[in-house]
Amino acid sequence: MLAKLRKRIARERMFRGEGTIGAAVSGGADSVALLHALRTLFPERTVAAVHLNHCLRGADSDADEAFVRGLAAKLGCKHFVRREDVALSGGNLERAGRHARYRFFEELLADGSCSEIATGHTQSDQAETVLFRLLRGACGSGLSGVLPVYNERIFRPMLDVTRREVLEYLERNGLEWREDASNSDPRFARNRLRHGLLPQLRREWNSTLDSALAHTADWAVEEERFWDRRIAELSERCAERGSRESILDTQQLQALCVAEQRRVLLAVLADPALGCGNLGFEHVESLRALVLAHSGSGVVELPGVRAERSFGHVRLRRQGAAKHAAYDLPLPVPGQVPLPGVDRCVISTRVLETASAAMLYDKDATVLLDWDRVPKSLRLRSWRDGDRYKPAGLDSPKKIKDLFQRNRISAWNRAGWPVVASDEAGGGRIVWARVFGPAGEFAVRPTSRRALVVEELGADEAGW
């Protein structure tokens, strides 16, 4: 057993720190063997038993805790013990217990009590995990099973060790352990698999099933490490991620093979900012179909996320996220007005006065208006359905909706689109619109003496 631990530790570069090594010890056979093995392999370092009393089995749980304290003292180890009644959290007890344990581990790592923590997952645990996930339809990363390294400082050095080897090690070293009666409780799915399905498969299909499943996991782990690097590169190329949404480039994604497409989509959907729920094969494929579609628009609803396609891009946004509300605000000249619904962005106005018309006319006409012709009472408002005007350079009035199409403005970017209009009933005459520029009748011309500049600035540029 020790030889297998040494090999796995060297391969995965485990325990390179200098502080205390924590060993997760429940009191069961695997964890007792782990604590003793780490004490043997690292005599120069402090080893500590880490135990969480889940408070689920009354006196038996307390007896487990007392056993772990005594075992740590017998082996000359430190111990860190916490009591937490995981039943109070409600829901799935197995999941609640795991979350509580790993929260405890992370706290010990964060405060420096331990520099690394090891868990006693064995080859048998790995086989159970892989089969359990396979039966639920997992693929790819799901078949990696129990990862040898988790969050960089939580290690599983016993993944090559069989349960029989654990028991032989305990007997050879005269070590006792405790049996947890809940490990035989058929209410738990893993127990039904461990005591029912797996033994049947070993008898009737493959006597070395555990190692076969563990090898599948090992193969998958190395493939996932390759894919992690590859997908990180592809995601940079194919997706623009924000704090509230992600935008996919359909042209870039369409150039990838199917395997790359699926993995990039999964990686983007895994972003915590999106809050996506549990995904199945059918969800990924429905999103992939939206990406590959020939038509320019479409919507797919995913667990917790809405995917919307427009003009060669797909936006992924958390369902229920706040939408741009319509607005209509006074616009002072000169002055600045924060653009509603857009963080750290303002619409700024200022007047340029000069005796030289050429100095005005030579400037960028998309942001200049003739201040002597522009209505002196202006409003900043969001565009409305039916809005139309004649931008400078066009020969006839256009609906803003048509200008969106002509300029390939994505559907999700249109809400709250800013326009400057005269302060008149019915929404007034449009003087300026984002991207489309000034109205032709108000645009600066060679005879202009004063110009109104309308700019969209970041808060830093505006001095906010």
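On a predicted model such as this, the values are computed, not experimentally measured, just so you know.

**Notes on the overall build of the protein chain**
- From N to C terminus, the protein chain includes 15 helices and 22 strands.
- Seen through its principal axes, the protein chain has C-alpha atoms that stretch 100 × 45 × 40 Å.
- Of all 464 residues assigned to the protein chain, the portion counted as buried reaches 44%.
- The long-range fraction of contacts in the protein chain, counting pairs at least 24 apart against all pairs at least 6 apart in sequence, stands at 67%.
- Element-wise, carbon and sulfur atoms account for 50% of the exposed surface of the protein chain, whose accessible area totals about 23900 Å².

**Here's the deal with the nonpolar core**
- With 34 residues, the main nonpolar core has Met-1, Leu-5, Phe-15, Leu-35, Leu-38, Met-158 and Val-166 as its most contacted residues.
- The set of elements that each furnish at least two residues to this core consists of α1 (2-12), β1 (21-24), α2 (29-41), β2 (47-53), α3 (59-75) and α6 (163-172).
- Residue contributions to this core peak at eight residues, all from α2.
- In this structure Leu-38 touches Phe-15, Ile-21, Ala-23, Val-47 and Ala-118, once residues within four positions along its chain are discounted.
- Formed by 29 residues, the second largest nonpolar core is a distinct cluster that contains Leu-378, Tyr-389, Trp-432 and Val-454.

**Side note on the sheet that holds strand β14 (residues 345-353)**
- Taken in spatial order, the four strands make up an open sheet running β13-β14-β22-β15, and their pairing is antiparallel. Sheet topology places β13 (335-338) and β15 (368-370) at the edges, where each strand pairs with a single neighbour. If you compare each strand with its neighbour and ignore which way they point, the axes differ by 20 degrees on average.
- Here β14 runs beside strand β22 (residues 450-458); their pairing, made up of nine bridges, is antiparallel. Within the sheet, the bridge partner assigned to Leu-352 lies in β22 and is Ala-451.

**Topic: the side chain of Thr-129**
- On the secondary structure map, Thr-129 appears in helix α5 (residues 123-135).
- Those residues in contact with Thr-129 that lie beyond four places of it in its chain are Gly-145, Val-146 and Arg-190.

**Details of the pattern of salt bridges**
- Counting across every chain of the model gives 40 salt bridges.
- Asp-210 is paired through a salt bridge with Arg-202; the nearest N and O atoms lie 2.9 Å apart.
- Given the relative accessible area of 12%, Asp-210 is considered buried.
- Of the charged contacts, one joins Glu-424 and Arg-429 as a salt bridge, the two residues approaching to 3.3 Å between their closest N and O atoms.

Calculation criteria
- Residues numbered from 1 in each chain as written.
- Predicted model: local features only at pLDDT ≥ 70, side-chain atom pairs only at ≥ 80, totals over all residues.
- Heavy atoms only, no water.
- Helix = DSSP H or I, 4+ residues; strand = E, 2+ residues; numbered from the N terminus.
- Buried < 20%, exposed > 50% of the residue type's maximum accessible area, 1.4 Å probe, protein only.
- Contact = heavy atoms within 4.5 Å.
- Areas by Shrake-Rupley, 256 points an atom, 1.4 Å probe, with all protein chains shown as cover.
- Core = buried A, V, L, I, M, F, W, Y, C linked by side-chain atoms within 4.5 Å.
- Pairing = 2+ DSSP bridges.
- Axes fitted to C-alpha atoms, helices over the stretch in contact; angles between N-to-C directions.
- Salt bridge = Lys/Arg side-chain N within 4 Å of Asp/Glu carboxyl O.

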